[in-house]
Protein chains: 2
Amino acid sequence: MEKELAFDVAEYRQRLDRVRARMRVEGLDVLVTHTPENILYLSGYQTPGYYMYQCLVVPLEAEPVLILRRGELGNFLRFCYLEDAITYVDIQNPADLTAKTLANRGFAKARIGVELGSWFLTPKHYLTLQAALGNASLVDATGTIERCRLIKSPKEVEYIRQAARAAEAAMQAAIDAIHVGVTDNVVVAELHRALFNAGSEYVALGPFVAAGYKSTIMHGNWSRKRIERGESIILEIGGCVQRYNAGLMRTVSVGKPSDRLQHMAKASEEANRAAYEAIKPGATSGDVHRACQAVFEKAGLIELRRANRSGYSIGLAFPPDWGEGHILSLQENDPTVLEPGMVFHIPSAVREYGVYGASFSETVLVTPTGRELLTNFERALFVRE
Amino acid sequence: MEKELAFDVAEYRQRLDRVRARMRVEGLDVLVTHTPENILYLSGYQTPGYYMYQCLVVPLEAEPVLILRRGELGNFLRFCYLEDAITYVDIQNPADLTAKTLANRGFAKARIGVELGSWFLTPKHYLTLQAALGNASLVDATGTIERCRLIKSPKEVEYIRQAARAAEAAMQAAIDAIHVGVTDNVVVAELHRALFNAGSEYVALGPFVAAGYKSTIMHGNWSRKRIERGESIILEIGGCVQRYNAGLMRTVSVGKPSDRLQHMAKASEEANRAAYEAIKPGATSGDVHRACQAVFEKAGLIELRRANRSGYSIGLAFPPDWGEGHILSLQENDPTVLEPGMVFHIPSAVREYGVYGASFSETVLVTPTGRELLTNFERALFVRE
């Protein structure tokens, strides 16, 4: 059976080179990544079964080796350009196997990078590694690979563009499905139908259809609730292609919007525009956040802004989060300088608990001269009856 | 804004009583859970934003307190019956806040249960807790709450039944959408539309539409692939209501099935039946696994069974896994005795790499006298043109 790779092997090799350059700076002999996105980034390997232990061992010199559940071998054969894999059966302790593999390959006394901030390395498995590799030095390498993921290649941007097309199709279908008296589930049904017909894979988060009081709660979502006149609805939709994600948010008023909702939606739209217009090479993360917050401040809505950030890097993701906010968030006092090739999702939500919620967002590419919106959808407060 | 609880407060209180009884046995003064399902189980609190740090502190004597991201406060007010919450902003270290909270409440020198096997407690946060609580004794409490979740209450079973109805509707829509020449995305689009119209929430895993070579790979899934005559398709679909999940698998032949595919599908169906017929109070986990494997053995297909288990507990779940396999899997030599109120998903997949895949599954309740299938869908190898 032939390989199915999202990128040329050369691109995977370049990524490996960049990671190894960082490993040299950090003095690592070998790096063990337990983060599904990092494993995919470096090897092409992916499975929805990442809830079982898996890791990629990346030596500074030798070829990487994948450690995975035996049942997942088919995904290795199909999606991974590497040739070396070691499998475990469910009754084995896979962290023990990882430690043995490291020892067998000459890393018993090495300086080993391990991602202490990775969800899918549990403290239990970490302690197993530590105990079994008593003569090695385990150092935190959280972010070592992630930092290489910040700047997207043209091919990566192309996948995000395709994901954006799916998100836009789903947004239109969701808006069209909103009527007084239908349930939020009906809206979600049409949204998903359009999303997948437009080519999306399973998404990493959401989508969110937050109607009425749910629009006033961060991450509020559908639950067989009837849509009523007078409600605000926040729609937040991600498309996903080759695990690259694009996010898009819009707001709907069910029936004629009140002055208050119009004010909130206008502020959100303007704050969002201020945020993306602040995105350019040389601007800092904090600059973008300030530009966004200033609009809410001026509109007298800053107290309703519960977010501590105005956006976050977006790219490769598996559930439960589509963002790369742990890599880079656009937030207060963050001096990180934006560079061409970075991609951000910038949600500008404002929520008045129990009253209204409104939000606009775009997925934005930093270009050599400024920025480009990768999402493309009318920026209006939509009204549905 | 009124509370929205999936269960009476009395049921949450009973759960807390059961957990505290176990805490006494384990000698814990306080238990800190970082597992989203455990937090939901004990407090009613839930958010899709569990990718940010959150935990529930459960003292043996005093009321529990939730530690969560400030932006999520609305979800606390709406979904949590408890009254005590402490919030952090994104730039804070939330594990430090947890340690301080424990110290402030008299647990600086206590015996503190922490779930070392929980995905959402990273090694980094665990090490922070350990360092900040140097005079306390941190002990592993992985599974303490989970064991209480194994036996479902009548109300919990009712939610799983509702989830099963959604999975069945989605299964029918998926089968109906399969035709030679359409893409797997089209099938997935109709599947989701039916799933959500039938009341499902966002699912914890999948669904899986694995056509052709993808049906021969565990967790193979859709990706804009054309469906061709002669392919096998494995459909695996979960419905989700109040975060309770039910799983259902069936197999489709595109065009007249070959003898080989018929043989594999027949073996899967019979093995699956043998598995669920072995489920009854007093049977062991290992009994069910042996009953299932014996059928594949007899059919000469045991070499193609890559699974090391014949099923797993299912119930509350957030992505990325719908199962409770880490609590109880039906596997070789496992002496765990089945009890009424347990619920299992039993997938009986058989895959010949690059050739065919076939699978049947049901979601099964252990009753006082035997078992009841909570999923209800024709058990056939479906043929579509």
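What you are looking at is a predicted structure, and each value in this text was computed from that prediction instead of being measured. (Residues numbered from 1 in each chain as written. Chains lettered and ligands numbered in written order. Predicted model: local features only at pLDDT ≥ 70, side-chain atom pairs only at ≥ 80, totals over all residues. Heavy atoms only, no water.)

**Some details on helix α8 (residues 184-197) of chain A**
In step 1: If you check α8 of chain A, its first and last C-alpha atoms are 20 Å apart, about what 14 residues at 1.5 Å a residue would give, namely 20 Å.
In step 2: Burial of α8 of chain A is extensive: 11 of the 14 residues sit out of reach of the surface.
In step 3: Along α8 of chain A, the residues classified as buried are D184, N185, V187, V188, A189, E190, L191, H192, A194, L195 and F196 of chain A.
In step 4: Buried-residue contacts for α8 of chain A involve α7 (154-177), β7 (208-211) and β8 (232-241) of chain A together with α8 (184-197) of chain B.
In step 5: Backbone geometry just downstream of α8 of chain A places G199 of chain A in the positive-phi region, at approximately 100 degrees. (Helix = DSSP H or I, 4+ residues; strand = E, 2+ residues; numbered from the N terminus. Expected span 1.5 Å × (residues − 1). Buried < 20%, exposed > 50% of the residue type's maximum accessible area, 1.4 Å probe, protein only. Contact = heavy atoms within 4.5 Å.)

**A word on the packing of aromatic side chains**
In step 1: Summed over all chains, the structure comprises 26 aromatic pairs over all chains.
In step 2: Here a set of aromatic residues connected by ring pairs shows up, and it is made of Y50, W119, F120 and F318 of chain A together with Y50, W119, F120 and F318 of chain B.
In step 3: Positioned above the aromatic ring of F76 of chain B is the side chain of K3 of chain B, whose terminal nitrogen or guanidinium carbon lies 5.6 Å from the ring centre. (Phe/Tyr/Trp six-rings, centres within 6.5 Å; stacked < 30°, edge-to-face > 60°. Lys NZ or Arg CZ within 6 Å of the ring centre and 35° of its normal.)

**Quick word on the interface of chain B and chain A**
In step 1: Facing 68 residues of chain B, the contacting portion of chain A comprises 68 residues.
In step 2: Buried area between chain B and chain A, both sides added, is near 6100 Å², and the carbon and sulfur share of it is 60%.
In step 3: Taking the shortest distance from any N to any O, the salt bridge between E190 of chain A and R193 of chain B comes out at 2.8 Å.
In step 4: The interface formed by chain B and chain A holds 26 residue pairs in polar contact (both at pLDDT 80 or more) in total.
In step 5: Secondary structure elements with two or more residues in the side of chain B that touches chain A: α3 (73-79), α5 (123-132) and α8 of chain B.
In step 6: Ranked by residue count, the leading element in the side of chain B that touches chain A is α8 of chain B, at nine residues.
In step 7: Along the lines of polarity and charge, the residues of the side of chain B that touches chain A split into 30 nonpolar, 21 polar and 17 charged. (Buried area = accessible area lost by both parts, 1.4 Å probe. Salt bridge = Lys/Arg side-chain N within 4 Å of Asp/Glu carboxyl O. Polar contact = N/O pair within 3.5 Å; in protein donor to acceptor, adjacent residues only side chain to side chain. Nonpolar A, V, L, I, M, F, W, Y, C, P; charged D, E, K, R; others polar.)

**Re the sheet that holds strand β2 (residues 55-59) of chain B**
Residues and elements named next belong to chain B.
In step 1: The mixed open sheet is built from six strands, whose spatial order is β4-β3-β2-β1-β5-β6. Strands with a single pairing partner mark the edges of an open sheet, and in this sheet they are β4 (85-88) and β6 (137-140). For this sheet the average axis-to-axis angle between neighbouring strands, irrespective of direction, equals 20 degrees.
In step 2: Relative to β4, strand β3 (residues 65-69) runs parallel, the two sharing four bridges. The residue bridging L66 from the neighbouring strand is A85, located in β4. (Pairing = 2+ DSSP bridges. Axes fitted to C-alpha atoms, helices over the stretch in contact; angles between N-to-C directions.)

**Some words on the domain arrangement of chain A**
Interfaces are frequently sized by the accessible area removed from exposure as the parts join.
All names here are of chain A.
In step 1: When cut into domains, chain A gives domain 1 (9-149) and domain 2 (154-384).
In step 2: Domain 1 and domain 2 are separated by 33 Å when their C-alpha centres are compared.
In step 3: With 13 residues of domain 1 at the interface, the matching set in domain 2 holds 14 residues.
In step 4: For the pair domain 1 and domain 2, the summed buried area comes to about 1200 Å², and 59% of that belongs to carbon and sulfur atoms.
In step 5: For domain 1, the biggest contributors to the area lost against domain 2 are E37, Y50 and R149; these three give 37% of the whole.
In step 6: Here domain 1 is connected to domain 2 by two salt bridges.
In step 7: Between E156 and R15 there is a salt bridge; the shortest N-O distance is 3.6 Å. (Domains from an automatic or database assignment.)

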